[in-house]
Amino acid sequence: MIKFHKKLSFLWWILFIITIKALPLNAKSIPCNLREYPNGYVCVCSKTNCDFLDENVDNPGESDIVIVTSSQAGLRFNVSKFSWPTSSTENFIIGDLVEKVPQVSLVGGFIGNLFGDLLDFLNQNQVNVNVDPTVKYQKVVGFGGAFTGAVSHNLDQLSPELQDLLYKSYYSRAGIGYNFMRIPIGGCDFDLQPWAYNENPQDDARLSNFSSLDPRDVELINKIKHLQDVSGNRNIKFLGSAWSSPIWMKTNNDWTGASSLKEEYYQTWADYHVRFIDLMAKSGVNLWGITTGNEPMNGVIGWLFVHFMSLGWTARPQAVWVADHLAPALRNSSYGNVKIFAGDDQRYTFPWWFNEMVDARPNVMNDLAGFAVHWYWDRFVPPLVLDTTHKTFTNKLILNTESSIGDKPLQTHGPILGSWARAEEYITAYLQDLQHSVNGWIDWNLLLDEQGGPNYVNNFVDSAVIVNKTADEAYKQPLFYAIGHFSRFITEDSVRIKVSSSDSHVEVVGFQRPDGRIVLVIYNKKEHAVKVVLNIPLRTAVNVAVPGKSIHSVIFFEKKSILNVLP
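Residues numbered from 1 in each chain as written. Predicted model: local features only at pLDDT ≥ 70, side-chain atom pairs only at ≥ 80, totals over all residues. Heavy atoms only, no water.

Looking now at the sheet that holds strand S14 (residues 440–445). Spatial strand order, S7-S8-S9-S10-S11-S12-S13-S14: 8 strands in a closed barrel with parallel pairing. Taking each pair of neighbouring strands and ignoring which way they run, the sheet shows an average axis angle of 30 degrees. Pairing of strand S9 (residues 237–241) with strand S10 (residues 287–291) involves 3 bridges; the strand directions are parallel. What sits directly across from Gly240, in S10, is Ile290. Here helix H10 (residues 420–435) sits on the sheet in contact with strand S7 (142–146), strand S13 (397–402) and S14, set at roughly 150 degrees to S14. (Pairing = 2+ DSSP bridges. Helix = DSSP H or I, 4+ residues; strand = E, 2+ residues; numbered from the N terminus. Axes fitted to C-alpha atoms, helices over the stretch in contact; angles between N-to-C directions. Contact = heavy atoms within 4.5 Å.)

Next up, the structure:
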């Protein structure tokens, strides 16, 4: 069977040369500098070279289709563009790397025989993807990552030229088009030490020592402004989250451990948030939203195994704090438009946490724009809890606000360079969340070092970009491209549409973008190739042969008729 797959890889390339209508990679794109490690491939960025997409790659005309592909075998944002077929018998091939094609002499009737073998194999491995743009679900607000103290520290170890290329890689349309950025309010676990504003004087309810930004946040703002200049992106939504108050506000007088906020400081903690928002705005960074605090259950039960900054909440006291203190403080300031997201914890808190909040303060939902969820325990809680939450609170956004991998006891801690398996976990999770009412996803650290840090508790994890300060290089992991297949092509205000796959091992999600184009993200998790048949109303069926372990962003215009006019 292994030999047959190698033969099939060769067949893809032969058929690609002979019959494919796809155009070569757009000249404005810059290809990946691929490097192999024991667990797979990374794309290497140096201060003089980094891979980028043509900014207009996803703007096909009404008669064209664009397919952007990444694969375990080493394709990274490989672009195929072809005209819509005139016959449902036409086949299009997404090829494997040229370097991996064996050099076999082509003699006699060899090609014809292999061609027949390939078509027979693909016909037996056909997957139907049905698209119905008339059925609509949630709207997407965007995708992004977090700019932590560790990220800022790592950037300082790189040349300015490489920093700029990484900013552009994340936040420009030539990169993966992020439009969200999560920033800590004070310190977080990915910092060089725990910290908060107004640590002294203690018991200072008036926050007399919180009149200016910490130098660390001043530096953060400088980097953010430069990022915006380099990427040309002025549409970044900033979401702030606090990990802990100053320890004198807490019942345990410590950064970590079992804790809660002392009731006499409920208003002070609300004022703290407004003060931060105000100082950031005066420095040129306007917060789009805040959460009610990072992972509040870490200070309730998580302290048994979590040793970084945390502030414990349960749902009912949090509702009191939001309804009686935080929301009024925002309304009475110049920042009443800043959105509040409750939860900011694992999926197992959905939806009971918010029902408990309503029981404590029936009007609290009037103060919330939505709910924040993290992905770390998703495998133990079905995604249906997200749909239940959406149905209960229909007008609220659901954002996944943190994800990283390599943190669990049985996992390799820190980065695994080139790991497609880790990318696959992200792909599966993004597909699942988007299929179940989630409106956006913010990944964790934008970049980490080769150890997966630094941070003050040695809690090392993986990241979409890993930097090597000694070589002045950055490695775009398969994770980076896994995220990019969603973030780059599913633009803000896209609306999810109904799609289905006839095979559970070929997953798909679909969106209609504001520009009228349809985007499908298709993942073939099988080891071998399949023929994906795209069935789209008013269009000829499209047959696309895709390799095993590959993800594809498919972009095309929906065809309209008098009887099929969408708003």
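Right, let's get into the state of the cysteines. Evaluated as defined, the whole model comprises 2 disulfides. There is a disulfide in this structure between Cys32 and Cys43, and the S-S distance comes to 2.0 Å. In this structure, the disulfide formed by Cys32 and Cys43 twists by about -105 degrees around the S-S bond and is classed as left-handed. Of this pair, Cys32 sits in the loop between helix H1 (2–19) and strand S1 (34–37) while Cys43 sits in strand S2 (residues 40–45), and the two are 11 residues apart along the sequence. For Cys32, a relative accessible area of 22% gives the class partly exposed. Here Cys45 pairs with Cys50 through a disulfide, and the sulfurs are 2.0 Å apart. Taking the torsion about the S-S bond as the criterion, the Cys45 to Cys50 disulfide, at about 60 degrees, is right-handed. (Disulfide = S-S within 2.5 Å. Buried < 20%, exposed > 50% of the residue type's maximum accessible area, 1.4 Å probe, protein only.)

Scanning all chains against the criterion turns up 34 aromatic pairs. A centroid spacing of 6.4 Å and a plane angle of 90 degrees characterise the contact between Phe350 and Phe371, whose relative ring orientation is edge-to-face. Taken together, the residues span a long stretch of sequence, with Phe350 in the loop between strand S11 (339–346) and helix H8 (352–360) and Phe371 in strand S12 (residues 370–374) at a distance of 21 residues. Take Phe350 and Phe371: they sit in the same class, and that class is buried. Relative to Tyr481, the ring of Phe480 lies with its centre 5.1 Å away and its plane at 75 degrees, an arrangement referred to as edge-to-face. Of the two residues, Phe480 and Tyr481, both sit in the buried class. Among the aromatic side chains, those forming a connected cluster through ring pairs are Phe77, Tyr170, Tyr171, Tyr178, Phe480, Tyr481 and Phe489. One cation-aromatic arrangement involves Arg216 over Trp195; the distance from NZ or CZ to the ring centre is 4.0 Å. Lying over the aromatic face of Trp84, Arg539 brings its terminal NZ or CZ to 4.1 Å of the ring centre. (Phe/Tyr/Trp six-rings, centres within 6.5 Å; stacked < 30°, edge-to-face > 60°. Lys NZ or Arg CZ within 6 Å of the ring centre and 35° of its normal.)

As a further point, take the nonpolar core. Counting residues in hydrophobic clusters, the biggest one holds 140 residues, and the most contacted among them are Phe147, Met357 and Phe486. Among the elements that line this core, the one with the most residues is helix H6 (residues 266–282), at 10 residues. Among residues more than four places away in sequence, those in contact with Phe486 are Phe143, Ile427, Tyr430, Leu431, Leu434, Val509, Val521 and Ile551. Within the second largest apolar cluster, 26 residues are counted, among which are Ile67, Val127, Val506 and Val554. (Core = buried A, V, L, I, M, F, W, Y, C linked by side-chain atoms within 4.5 Å.)

Moving on: helix H3 (residues 149–156). Regarding H3, the residues found buried are Ala150, Val151, Ser152, Asn154 and Leu155. In this fold, the buried residues of H3 make contact with S7, helix H4 (160–171), helix H5 (215–231), S14, strand S15 (448–449) and strand S16 (465–468).

Another point: the sheet that holds strand S6 (residues 126–139). Two orientations exist for strands paired in a sheet by backbone hydrogen bonds: parallel and antiparallel. Pairing within the open sheet is mixed, and its 10 strands lie in the order S4-S3-S23-S20-S19-S18-S6-S21-S22-S5. Each edge of the sheet is formed by a strand with only one pairing partner; in this case those strands are strand S4 (78–83) and strand S5 (91–93). Each adjacent strand pair in this sheet contributes to an overall mean axis angle of 25 degrees, direction not counted. Where S6 and strand S18 (residues 495–501) come together, 6 bridges link them in antiparallel fashion. Of the residues in S18, the one forming a bridge with Val129 is Ser501. The sheet contacts of H10 involve strand S3 (64–71), S6, S18, strand S19 (506–512), strand S20 (517–524) and strand S23 (550–557), and relative to S19 the element is tilted by about 50 degrees. On the sheet, helix H11 (residues 478–487) packs against S3, S19, S20 and S23 and is oriented at approximately 20 degrees with respect to S23.

Following Phe350, the chain continues to Pro351 via a peptide bond in cis, the omega torsion being -15 degrees. Here the amide bond leading from Gly453 into Pro454 is cis, since omega sits at 5 degrees, within 30 degrees of zero. In this model, Asp344 sits at a positive phi of 55 degrees, which is unusual for a non-glycine residue. Turning to its location among the elements, Asp344 is positioned in strand S11. A relative accessible area of 0% means that Asp344 is categorised as buried.

Where H10 meets H11, the closest approach of the two axes is 8 Å, and the angle between their N-to-C directions is 20 degrees. In terms of orientation, H10 lies roughly parallel with respect to H11. Crossing hand, H10 versus H11: right-handed. Seen from H10, the contacting residues are Trp420, Arg422, Ala423, Tyr426, Ile427, Tyr430, Leu431 and Leu434; seen from H11, they are Pro478, Leu479, Ala482, Ile483 and Phe486. (Parallel < 35°, antiparallel > 145°, perpendicular 65-115°, else oblique. Left-handed = near helix turned anticlockwise from the far one by under 90°.)

Moving on to the confidence of the model for the chain. Averaged over all residues, the pLDDT of the chain is 90; the fraction at 70 or higher stands at 89%. Note that pLDDT drops below 50 for residues 96–114; the model gives that stretch 27 contacts with residues more than four away or on any other chain. (pLDDT = per-residue confidence, 0-100.)

Next up on the list: a nonpolar patch on the surface. The grouping of Ile301, Leu304, Phe305, Tyr348, Trp377 and Phe380 at the surface amounts to a nonpolar patch, some 650 Å² of accessible area in total. On the secondary structure map, Phe305 appears in the loop between S10 and helix H7 (315–331). Residue Phe305 is classed as exposed on the basis of its relative accessible area of 56%. (Patch = residues over 30% accessible without salt bridge, like charges linked within 9 Å, V, L, I, M, F, W, Y side chains within 5 Å. Areas by Shrake-Rupley, 256 points an atom, 1.4 Å probe, with all protein chains shown as cover. Salt bridge = Lys/Arg side-chain N within 4 Å of Asp/Glu carboxyl O.)

All right, on to the side chain of Ser29 then. Mapped onto the secondary structure, Ser29 falls in the loop between H1 and S1. Ignoring anything within four residues of it in the chain, the contact list for Ser29 reads Phe52, Leu53 and Asp54.

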